[in-house]
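If you want the building blocks of each chain, they are given just below.
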Amino acid sequence: MSLPHATYTGPKSTHEFEVDPSDPRYQTTEGRTTGASDYVLKQGHQDVDKPSDPKKVDNVNSKTGIDQYTTLSQLRMQLTGLQDDINEYLTEKINHVKKPRNSKQEQEINDLLDGSEET
Amino acid sequence: MNKGDTSFEHSLHLEIPFESIKQADVARKVLLPDPIMKPEDFQVTYSTQDTKLICDFESVDERILRVGVNSVIESIKTIVETIDELC
């Protein structure tokens, strides 16, 4: 079975999202950009929507002692990593778009307030 | 790309390989009824190619694309888990 992949195309750029199955970020069902925030968890709340662990194959590899996961569980882990990649990339693009506008607005506000920058 | 008066300048093409043609088609059929909350800002089309589920997203900006893509991938993960448990 091949690996999931994605391609983003925007007015100014394109970006390929590839999965590396050996990378730990594609070996978990718990994404970094999904689920309850650290702040919420620190308040003592339980994440009732926490994703279930990947399903193991009944016969564990006796030679390596390493758990083997079903093909679909591997796909779910790869999708979780790919989802994080896409979320992080688009969040960065959103912030990049916002910053110049905000700094310009901030400058305009400073100019209007006293005509000089605060020290 | 223009659809009506809306310009979808941001797109994402997603390919997900399943174990069989049937699994990919089941996933497509499960996703189809999900309503699009703001069709004037976001569109998604589902198709299959052999054992692959293909999702094509289009949006007016990065923010709406992020929200829409994240939501669909979350649904796909649930579908994958369900097939894994039942089949």
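Residues numbered from 1 in each chain as written. Chains lettered and ligands numbered in written order. Predicted model: local features only at pLDDT ≥ 70, side-chain atom pairs only at ≥ 80, totals over all residues.

What follows covers the overall build of chain B. The helix and strand inventory of chain B stands at 2 helices and 5 strands. Reading the secondary structure of chain B in the N-to-C direction produces β-β-β-α-β-β-α. Seen through its C-alpha atoms, chain B measures out along the principal axes to roughly 45 × 20 × 20 Å. When burial is assessed residue by residue, chain B has 29% of its 87 residues classed as buried. A separation threshold of at least 6 residues defines the contact pool for chain B, and within that pool the share at least 24 residues apart is 62%. (Helix = DSSP H or I, 4+ residues; strand = E, 2+ residues; numbered from the N terminus. Buried ≥ 20, exposed ≤ 12 C-beta atoms within 10 Å, placed from the backbone. Contact = placed C-beta atoms within 7 Å.)

For the rest of this paragraph, the subject is the overall build of chain A. Check the secondary structure of chain A and you find 2 helices and 2 strands. Seen in sequence order, chain A has helices and strands lined up from the N terminus as β-β-α-α. Of all 119 residues assigned to chain A, the portion counted as buried reaches 20%. Long-range contacts, defined as pairs at least 24 residues apart, comprise 50% of the intrachain contacts of chain A with a sequence gap of at least 6.

Before going further, it helps to spend a moment on the confidence of the model for chain A. Per-residue pLDDT for chain A has a mean of 83; in total, 81% of the residues score no lower than 70. When the elements of chain A are averaged for pLDDT, helix H1 (residues 38-42) of chain A gives the smallest value, 78, and strand E1 (residues 5-9) of chain A the largest, 98. (pLDDT = per-residue confidence, 0-100.)

A few words now on the pairing of E1 of chain A. Here E1 of chain A shows a clear split, with Ala6 and Tyr8 of chain A buried on one side and none of His5, Thr7 and Thr9 of chain A buried on the other. Examined bridge by bridge, E1 of chain A and strand E3 (residues 10-17) of chain B share 5 bridges and lie antiparallel to one another. Residue pairing across strands places Tyr8 of chain A opposite Leu12 of chain B, the latter belonging to E3 of chain B. Pairing of E1 of chain A with strand E2 (residues 14-17) of chain A involves 4 bridges; the strand directions are antiparallel. Bridge pairing in E2 of chain A links Tyr8 of chain A to His15 of chain A. As consecutive antiparallel partners, E1 of chain A and E2 of chain A are separated by 4 residues. (Pairing = 2+ DSSP bridges.)

Here we come to the interface of chain B and chain A. Across the contact, 24 residues belong to chain B and 30 residues belong to chain A. Among the secondary structure elements, those contributing two or more residues to the side of chain B that touches chain A are E3 and helix H2 (62-86) of chain B. Sort the elements by how many residues they give to the side of chain B that touches chain A and H2 of chain B lands first, with 14 residues. In the side of chain B that touches chain A, the residues fall into 10 nonpolar, 4 polar and 10 charged. (Nonpolar A, V, L, I, M, F, W, Y, C, P; charged D, E, K, R; others polar.)

With that out of the way, let us pick up H2 of chain B. Three- or four-residue spacings in an α-helix give side chains the same orientation, since the helix completes a turn every 3.6 residues. Between its first and last C-alpha atoms H2 of chain B spans 36 Å; for 25 residues at 1.5 Å apiece the expected length is 36 Å, and the two agree. For H2 of chain B, every residue scored as buried is listed here: Glu62, Leu65, Arg66, Gly68, Val69, Ile73, Ile76, Lys77, Ile79, Val80 and Asp84 of chain B. (Expected span 1.5 Å × (residues − 1).)

What follows deals with the environment of Lys77 of chain B. By the secondary structure assignment, Lys77 of chain B is in helix H2. In contact with Lys77 of chain B, other than residues within four places in its own chain, are Arg76, Leu79 and Thr80 of chain A.

This part takes up the nonpolar core. Core analysis: the largest hydrophobic core is formed by 26 residues, its most contacted members being Leu79 of chain A together with Leu12 and Ile76 of chain B. Looking at this core, the elements that each hand over two or more residues are E1 and helix H2 (71-113) of chain A together with E3, helix H1 (21-31), strand E5 (52-59) and H2 of chain B. With 7 residues, the single largest contributor to this core is H2 of chain A. If sequence neighbours within four positions are ignored, Leu12 of chain B has contacts with Ala6, Thr7 and Tyr8 of chain A together with Phe57, Leu65 and Val69 of chain B. (Core = buried A, V, L, I, M, F, W, Y, C linked by C-beta atoms within 7 Å.)

The next subject is the sheet that holds strand E4 (residues 42-49) of chain B. The 5 strands lie next to each other as E2(A)-E1(A)-E3(B)-E5(B)-E4(B), forming an open sheet whose pairing is antiparallel. In this open sheet, the two strands that pair with only one neighbour each are E2 of chain A together with E4 of chain B. If you compare each strand with its neighbour and ignore which way they point, the axes differ by 10 degrees on average. Relative to E4 of chain B, H1 of chain B is tilted by about 155 degrees, and along the sheet it contacts E4 and E5 of chain B. Contacts from H2 of chain B reach E3, E4 and E5 of chain B, with the element oriented near 155 degrees to E5 of chain B. (Axes fitted to C-alpha atoms, helices over the stretch in contact; angles between N-to-C directions.)

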